[in-house]
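# Summary of the model geometry
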Amino acid sequence: MQTTTDSMLVTMESTTTTLEAVVVRLRSVDERFLRMETHAGRMARLLGTLAESTSERFDNVEKRLDALEGKH
């Protein structure tokens, strides 16, 4: 009976150690996802700003070309 109990304790300790390692890895993955989400948000804002700026530039070029062609 003692051997069985000892074996169960060893198995439980091993399982606990494995679960603790899994929790540590999951926390690490969670932190990485949070960083990726933050970077994705920053990139989306940057792309939005770039698109607005590019659109404004194209509008300005179009106006200049129209003015050069006399199409006010």
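I will try to describe carefully the structure that is included in this document. (Residues numbered from 1 in each chain as written. Predicted model: local features only at pLDDT ≥ 70, side-chain atom pairs only at ≥ 80, totals over all residues. Heavy atoms only, no water.)

## Considering helix α1 (residues 2–69)
Across its 68 residues, α1 extends 99 Å between first and last C-alpha, which sits within 8% of the 100 Å expected from 1.5 Å per residue. Remark: Gly70 follows α1 within two positions and exhibits a positive phi of approximately 80 degrees. (Helix = DSSP H or I, 4+ residues; strand = E, 2+ residues; numbered from the N terminus. Expected span 1.5 Å × (residues − 1).)

## With respect to the environment of Ser7
As for its position among the elements, Ser7 is in helix α1. Look at Ser7 and you get partly exposed, because its relative accessible area is 42%. Sequence separation of Ser7 and Glu62 is 55 residues, and the distance between their C-alpha atoms is 81 Å. (Buried < 20%, exposed > 50% of the residue type's maximum accessible area, 1.4 Å probe, protein only.)

## A closer look at the environment of Arg42
Assignment of secondary structure puts Arg42 in helix α1. A sequence separation of 41 residues divides Arg42 from Met1, and the C-alpha atoms of the two residues are 61 Å apart.

## Some details on a negative patch on the surface
A cluster of acidic residues, Glu52, Glu56, Asp59 and Glu62, forms a negative patch on the protein surface. Along the chain, Glu52 falls in helix α1. A residue is classified by how much of its surface remains accessible, and Glu52, at 54% relative accessible area, is exposed. (Patch = residues over 30% accessible without salt bridge, like charges linked within 9 Å, V, L, I, M, F, W, Y side chains within 5 Å. Areas by Shrake-Rupley, 256 points an atom, 1.4 Å probe, with all protein chains shown as cover. Salt bridge = Lys/Arg side-chain N within 4 Å of Asp/Glu carboxyl O. Lys, Arg positive; Asp, Glu negative; His and termini not counted. Charge placed at Lys NZ, Arg CZ, Asp CG, Glu CD.)

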